[in-house]
Amino acid sequence: MDKLEIRGGRRLDGEVIISGAKNAALPILAGALLADAPVILKKVPHLRDVTTTVKLLRRMGVDVVFHDGVRLEIDPRGIAEFLAPYELVKTMRASILVLGPLLARFGWADVSLPGGCAIGARPVDLHVAGLRAMGADISIEQGYIRARASRLKGTRIVLDTVSVTGTENLLMAAVLARGETVIENAAREPEITDLANFLVAMGARIEGAGTDTIHVDGVDALSGTEYTVLPDRIEGGTYLVAGAITGGTVRINQTCPEHLDAVLAKLDEAGADLTIGEDWIALDMAGRRPRAVDLSTAPYPAFPTDMQAQFCALNAIGEGAGTVTETIFENRFMHAQELQRMGADLTVKGNTAVTRGVDELKGAPVMATDLRASASLVLAGLAASGVTIVDRIYHIDRGYECIEEKLSQLGADIRRIPG
Ligand code: EPZ
């Protein structure tokens, strides 16, 4: 397995371009199944999770072609089977996102239950309940969701819990359903708005995406379209923390500042000087030590759970004590013990990580356990004295495009050790 070797203690300075958002690209790739003609996508990030999704689509008989490495063409007209097998779904739970489109477009879907992952049980009961409410006949057999529907019918759905992919699956099911669907207590993440914009570009009729109530008027068919995926706000936030944790000056380009309000507020509290442009954000922490902050994760527009681990690393070297409370997932502090091995004074009590900032972290061999935990270990390694070896970085390759190239561009001493 590949590892990342980081020689820390160097200040990061410079600019990086932010890639397309993983958590928008994945539902949009699934949404292409709804079209009756080819779809062209731009700014699809080159990530393991995207590769896995493309593999899944091709396995179904969907034609997927990368043109000149920039445009991804998806032609669903050759689809031959409606199956998402366990061996693929177990590597990427977001495969569940093909369930709604397959059911809406073809009336047939056999999708493996994703199973849990490092950060929690990750149930999909809300996805299934919503589709059943739309008239799908769904049974759970031998670890698979077997879903059938002549034609889904629009209805009013109230999600018990705010669920990002739950909202996305039901939105994609609703666009070809008969009649109106209202999704209440919908997730409001920018990636949902991006998916909705993509579906509208194909001819869907959607109002209210980005709010907690989404109205969909079902149509009979969706055409092909060309669409550009929005920038990855979590990748952007991660590079800003890289600047803050090393006392540097980092500017992220081709981003959407308005999608990072809650993160920017915490970086400001940590003492960073921030300049916000139209599509860029500059962070200046030149030579200063961050102040530790208190935060609690919650659904958008509140502080994102996907930035929680990164702020645990920042607090580890911050001035004073900080608390990070995780309210979305039940086991999202896997990075804690690895940070402790690097000298962090961090204690997890229930769903809160309490940190007392130390003057210096020490490089050490550490192991990545999930995507954002890996990011926090890389950030800690950048700040630590000595060498940090992050193992199992296939986790990080799921969600960060060219991470060592982008960090090297900012002055980090980092290299990939093929394993
Ligand atoms: C999406 O996961 C993201 N993944 C996650 O990003 C992100 O952390 C999460 O939303 C929260 O923002 C993608 O978009 C591909 P949820 P998702 O359904 O949709 C419970 C990353 O690092 N729930 O919003 O799976 C669930 O257990 C990844 O990029 C149910 O109970 O998360 C959790 O407690 C990690 N039943 C809460 O809802 C359901 O049917 C929110 O989960 C569905 C969810």
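Residues numbered from 1 in each chain as written. Predicted model: local features only at pLDDT ≥ 70, side-chain atom pairs only at ≥ 80, totals over all residues. Heavy atoms only, no water.

(A) Structural detail: a negative patch on the surface. A contiguous patch of negative charge, built from Glu258, Asp261, Glu278 and Asp279, is present on the exposed surface. Position of glutamate 258 among the secondary structure elements: in the loop between strand S15 (249-253) and helix H9 (261-269). (Patch = residues over 30% accessible without salt bridge, like charges linked within 9 Å, V, L, I, M, F, W, Y side chains within 5 Å. Areas by Shrake-Rupley, 256 points an atom, 1.4 Å probe, with all protein chains shown as cover. Salt bridge = Lys/Arg side-chain N within 4 Å of Asp/Glu carboxyl O. Lys, Arg positive; Asp, Glu negative; His and termini not counted. Charge placed at Lys NZ, Arg CZ, Asp CG, Glu CD. Helix = DSSP H or I, 4+ residues; strand = E, 2+ residues; numbered from the N terminus.)

(B) Expanded view of the nonpolar core. Counting residues in hydrophobic clusters, the biggest one holds 78 residues, and the most contacted among them are Leu41 and Leu199. Top element by residues in this core is helix H1 (residues 22-31). It accounts for 6 residues. Those residues within four positions of leucine 199 in sequence are excluded, and the remaining contacts are Leu34, Leu171, Met172, Val175, Ala204, Ile206 and Leu222. (Core = buried A, V, L, I, M, F, W, Y, C linked by side-chain atoms within 4.5 Å. Buried < 20%, exposed > 50% of the residue type's maximum accessible area, 1.4 Å probe, protein only. Contact = heavy atoms within 4.5 Å.)

(C) How the structure looks around the site of the ligand. The full set close to the ligand counts 22 residues, and Leu126, Ser163, Thr165, Asp306 and Ile328 are the nearest of them. Within the side chain of threonine 165, a nitrogen or oxygen atom sits 2.6 Å from an oxygen atom of the ligand. At 3.3 Å, a side-chain N or O of arginine 332 approaches an oxygen atom of the ligand. Summarising the interface, the protein chains cover 88% of the accessible area of the ligand, which totals 820 Å² for the free molecule. For the shell around the ligand, the leading source of residues is helix H5 (residues 125-133), giving 3 residues. Here the shell around the ligand is built from residues that sort into 9 nonpolar, 6 polar and 7 charged. (Near = heavy atom within 4 Å. Polar contact = N/O pair within 3.5 Å; in protein donor to acceptor, adjacent residues only side chain to side chain. Nonpolar A, V, L, I, M, F, W, Y, C, P; charged D, E, K, R; others polar.)

(D) Just the layout of surface pockets, in detail. Reported here for the second largest pocket is a volume of approximately 230 Å³. Lining the second largest pocket are 18 residues, and of these Ile245, Thr246, Gly247, Ile317 and Ala383 lie nearest its centre. (1 Å grid on protein atoms, 1.4 Å probe; cavity = no way out; pocket = protein on both sides within 12 Å on 5 of 7 lines; lining within 4 Å. Points joined across faces, edges and corners; volume = space filled by probe spheres on them.)

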